[in-house]
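Descriptive analysis of the structure
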Amino acid sequence: MYRTHTCGELRLEHVDTAVCLSGWIQKIRNLGAMTFIDLRDRYGITQLVVAETAPEDIRKAAAELGREFVIQVHGKVVERASKNNKIPTGEIEIIIERLQVLSRSEVPPFTIEDHTDGGDEIRMRYRYLDLRRQAVRKNLELRHRMAHLVRNYLDSFRFMEVETPVLIKSTPEGARDFVVPSRMNQGQFYALPQSPQTFKQLLMVAGFDRYYQIVKCFRDEDLRADRQPEFTQIDCEMSFVEREDVLGIFEGLIRHLFKEIRGIELPELPRMSWQDAMEYYGCDKPDLRFDMKFVNLTAAAQTKEFAVFNSAEYIGAICVPGCASYTRKQLDELTEFVKRPQIGAKGLVYVRYNEDGTLKSSVDKFYTEEDLKAWADTCQARPGDLLLILCGAKKTTLPQLCELRLEMGNRLGLRDKDVFKPLWVVDFPLLEWDEETQRFYAMHHPFTSPNPEDVDKMESDPGAVRANAYDMVINGVEVGGGSIRIHETGLQQRMFDCLGFTKEQAEAQFGFLLNAFKYGAPPHGGIAFGFDRLVSMFAGLDSIRDTIAFPKNNSGRDVMLDSPSEISDEQMKELAIQVTSH
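Scope of this entry: the structure provided in the associated data block. Everything numeric here is computed off the predicted structure, so don't read it as measured data. (Residues numbered from 1 in each chain as written. Predicted model: local features only at pLDDT ≥ 70, side-chain atom pairs only at ≥ 80, totals over all residues. Heavy atoms only, no water.)

With that out of the way, let us pick up the overall build of the protein. Looking only at helices and strands, the protein features 17 helices and 22 strands. Its C-alpha atoms give the protein principal-axis dimensions of roughly 90 × 75 × 55 Å. Counting contacts in the protein only where the partners sit at least 6 residues apart, residues at least 24 apart contribute 65% of the total. Summed over all atoms, the accessible surface of the protein reaches about 29,300 Å², with 49% contributed by carbon and sulfur. Computed over 73 positive and 89 negative side-chain charges, the inter-centroid distance for the protein is 3 Å. (Helix = DSSP H or I, 4+ residues; strand = E, 2+ residues; numbered from the N terminus. Contact = heavy atoms within 4.5 Å. Areas by Shrake-Rupley, 256 points an atom, 1.4 Å probe, with all protein chains shown as cover. Lys, Arg positive; Asp, Glu negative; His and termini not counted. Charge placed at Lys NZ, Arg CZ, Asp CG, Glu CD.)

Put into structure tokens, the structure is as follows:
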């Protein structure tokens with residue numbers, strides 16, 4: 001056998017035991033009379049010793065070893081004289097009695113340690129080496145454990161895991177599809193699924209009343225830290241349920257994960273309407289780890305001859321506690337921050353509520369101290385606080401104020417990765433209007449049911465219809481979302497009408513689902529969680545990349561495989577794709 005134990009399990013109780021270990025050499029320390037070798041495998045590190053009295057063949061073999069060599073050793077466990085309390089095996093070491101090199105290694109392109117000297121690009125190019133680092137391996141171990149907990153939890157509620165197809169039909173709604181040409185049906189294309197949405201609804205029609213799948217999905221979108229072209233969802237659907245049934249089961253799932261992984265007992269999750277989230281936080285995924293809710297100062301501030309405010313549709317403020325002492329330089333930095341192109345504000349107004357009770361602002365020319373005090377009172381400010389104010393069209397000012405609020409949260413250290421504030425955001429708009437195409441689009445997808453109270457508005461005022469939908473948000477990140485689905489053919493057709501689909505278009509794209517509904521569809525609803533995002537949050541990471549074994553870079557490339565890549569002219573001809581000159 002290659003090993004009797006792993007490199008992470010030997011302890012003092014194994015002293016005097018004859019053992020065999022195999023693994024990679026992490027480090028070699030040659031002290032002349034003795035040589036110490038750190039041997040690593042997935043389970044940990046064990047120190048090996050080439051003793052001063054070791055046979056000449058072992059000393060000679062040890063002298064030729066290098067980092068990342070794969071070796072097998074036989075030896076005896078002894079108690080270490082100089083113990084290392086930083087590793088679980090730090091009280092013992094192995095006196096080598098036999099040593100065999102199983103595989104030699106070239107010098108790695110970066111050091112394979114927690115604090116490596118390798119940049120992102122080179123680590124991604126040699127990802128199989130990067131995965132040897134404990135810091136990365138722990139993320140994948142966490143991912144494995146979370147998947148196991150999810151499966152056990154859902155199994156306890158009688159959910160059934162069902163695999164759905166990967167080669168499906170392309171639909172124009174939603175994000176861009178990845179398409180796959182068909183050789184056997186030339187000129188036609190499959191799409192890779194953005195989600196198993198229609199299949200899980202068909203499973204409900206088929207009577208599989210509780211379905212789940214930890215499933216790969218694909219979206220051809222521009223990338224950022226929390227996006228990859230292929231990602232993993234915890235995808236779930238239930239029959240004979242209302243919204244509260246779905247929220248109860250999956251709030252329970254998240255609380256179960258926090259308890260088992262983080263040891264945190266979450267209280268019952270609060271609910272917030274989409275309208276309130278936008279009004280008070282400027283986005284539909286508010287970070288509740290800190291306060292600074294928006295205050296509408298429009299009526300209070302449009303009282304004097306300050307043209308900037310008087311011409312604004314909306315004037316909003318945040319109250320930043322304890323920051324009245326901000327210097328002019330710091331305030332100028334904040335002004336430049338909100339004027340960045342990606343935020344787009346034209347300027348920033350501030351009011352210092354000084355510790356002595358006086359108020360000083362950048363608009364003293366137009367407003368008295370009594371005016372400023374009224375603003376401060378409206379914002380529930382206290383002496384020592386700072387008001388930051390933006391104005392303009394409400395639709396653009398709210399997200400600008402959101403970015404400013406998050407920036408202040410960062411500057412004040414209020415966005416602690418070890419503090420978690422989850423909530424449900426509910427009552428989203430069913431539809432959103434696009435000025436460019438002059439039509440409504442589904443905010444979630446075309447199968448989301450309207451709020452029962454708003455069904456009568458679908459034809460008369462479609463923009464006012466609320467969706468029977470819900471998102472779970474944790475610390476400003478949407479980690480999951482879903483809805484109660486439409487299960488009646490008539491209501492589904494009304495939804496298609498709102499979206500501007502002709503009957504022919506609806507039949508061509510979704511006829512299979514509409515036909516299935518004719519044969520008895522149960523009321524049903526579901527949710528999908530971004531598994532990569534959840535794992536990265538539990539691991540305390542900003543990016544999902546290190547929770548994925550073989551991720552793509554920010555350009556959507558796998559630099560290790562050099563993919564995507566060109567294919568041969570012969571393959572192009574087989575697929576009936578026109579061959580162009582290179």
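Turning our attention to the pattern of salt bridges. Taken as a whole and judged by the stated rule, the model has 44 salt bridges. Arg466 is paired through a salt bridge with Glu453; the nearest N and O atoms lie 3.0 Å apart. Here Arg466, found in the loop between α13 (457-460) and β20 (469-474), pairs with Glu453, found in the loop between β19 (439-442) and α13; they are 13 residues apart in sequence, far enough to count as distant. Residue Arg466 is classed as partly exposed on the basis of its relative accessible area of 27%. Overall, the relative accessible area of 65% leaves Glu453 in the exposed class. When salt bridges with common partners are traced through the structure, they connect Asp120, Arg123, Arg127, Asp130, Arg133, Arg545 and Asp546 into a single cluster. (Salt bridge = Lys/Arg side-chain N within 4 Å of Asp/Glu carboxyl O. Buried < 20%, exposed > 50% of the residue type's maximum accessible area, 1.4 Å probe, protein only.)

Okay, the sheet that holds strand β14 (residues 349-353) next. The strand order across the open sheet built from five strands is β12-β13-β16-β14-β15, with neighbouring strands paired in antiparallel fashion. Both outer strands of the open sheet, β12 (295-296) and β15 (359-361), are each paired with one neighbouring strand and no more. Here two bridges tie β12 to strand β13 (residues 314-320), and the two strands are oriented antiparallel to one another. By the bridge assignment, Asn296 is partnered in β13 with Gly316. Across the face of the sheet, helix α11 (residues 369-378) comes into contact with β12, β14, β15 and β16 (386-392) while running at roughly 95° to β15. (Pairing = 2+ DSSP bridges. Axes fitted to C-alpha atoms, helices over the stretch in contact; angles between N-to-C directions.)

By size, the foremost hydrophobic cluster in this structure holds 40 residues, and its most contacted members are Met146, Leu154, Phe250, Ile254 and Phe529. When near neighbours in sequence (up to four residues on either side) are disregarded, Phe529 contacts Thr232, Gln233, Ile234, Phe250, Leu253, Ile254, Met472, Val479, Gly480 and Leu534. Ala469, Val473, Leu513 and Leu514 belong to the second largest nonpolar core, which has 31 residues in total. (Core = buried A, V, L, I, M, F, W, Y, C linked by side-chain atoms within 4.5 Å.)

With that out of the way, let us pick up the pairing of strand β18 (residues 431-434). Here β18 pairs with β19 via four bridges, running antiparallel. The residue bridging Leu431 from the neighbouring strand is Ala442, located in β19.

Before going further, it helps to examine the environment of Ile94. Turning to its location among the elements, Ile94 is positioned in strand β5 (residues 92-103). Under the relative-accessibility criterion, Ile94 is labelled buried at 0%. Among residues more than four places away in sequence, those in contact with Ile94 are Leu10, Val19, Leu21, Thr46, Gln47, Leu48, Val49, Gly75, Lys76 and Val77.

We now examine the sheet that holds strand β4 (residues 70-79). Pairing within the closed barrel is mixed, and its five strands lie in the order β1-β2-β3-β5-β4. Geometrically, the sheet is characterised by an average inter-axis angle of 55° between neighbouring strands, direction not taken into account. Relative to strand β2 (residues 35-41), strand β1 (residues 18-30) runs antiparallel, the two sharing six bridges. Among the inter-strand pairings, Ile25 is bridged to a residue of β2, identified as Leu39.

A word on unusual backbone geometry. Here the bond from Ser563 into Pro564 is cis, since omega is 5°, no more than 30 degrees from zero. Within the fold, Pro564 resides in the loop between α16 (531-539) and α17 (569-574). Even without being a glycine, Met292 presents a positive backbone phi close to 55°. For Met292, the position within the fold is in the loop between α7 (274-281) and β12. Positive phi, normally seen in glycine, also occurs at Ala576, with a value near 60°.

Take a negative patch on the surface next. Where like charges cluster on the molecular surface, the negative patch consists of Glu355, Asp356, Glu369 and Glu370. The class for Glu369 is partly exposed, based on a relative accessible area of 38%. (Patch = residues over 30% accessible without salt bridge, like charges linked within 9 Å, V, L, I, M, F, W, Y side chains within 5 Å.)

For the structure shown, the criterion picks out 18 aromatic pairs. For the pair Phe306 and Phe366, a centre-to-centre distance of 4.7 Å together with 35° between the ring planes defines the contact as tilted. With Phe306 in the loop between α8 (298-301) and α9 (307-310) and Phe366 in the loop between β15 and α11, the pair connects residues that are 60 residues apart, well separated along the chain. Overall, the relative accessible area of 12% leaves Phe306 in the buried class. Each ring, one from Phe501 and one from Phe510, has its centre 6.4 Å from the other, and the planes form 0°; the classification is stacked. In textbook terms, an aromatic cluster arises when at least three aromatic residues are bridged by ring pairs, as seen for Phe306, Phe309, Phe366, Tyr367 and Trp375. (Phe/Tyr/Trp six-rings, centres within 6.5 Å; stacked < 30°, edge-to-face > 60°.)

A separate point is the packing of helix α10 (residues 328-338) against helix α12 (residues 394-411). How two helices sit against one another is set out by the angle between their axes and by the gap between those axes. Two numbers describe how α10 lies on α12: the axes approach to 10 Å, and their chain directions differ by 140°. Between α10 and α12, the interaxial angle falls into the category oblique. With respect to the hand of their crossing, α10 and α12 are arranged in right-handed fashion. Taken together, the residues of α12 that come into contact with α10 (itself represented by Gln330, Glu333, Leu334, Phe337 and Val338) are Glu403, Leu404, Glu407, Met408 and Arg411. Grouping the amino acids of the contact of α10 with α12 by side-chain chemistry returns five nonpolar, one polar and four charged. (Parallel < 35°, antiparallel > 145°, perpendicular 65-115°, else oblique. Left-handed = near helix turned anticlockwise from the far one by under 90°. Nonpolar A, V, L, I, M, F, W, Y, C, P; charged D, E, K, R; others polar.)

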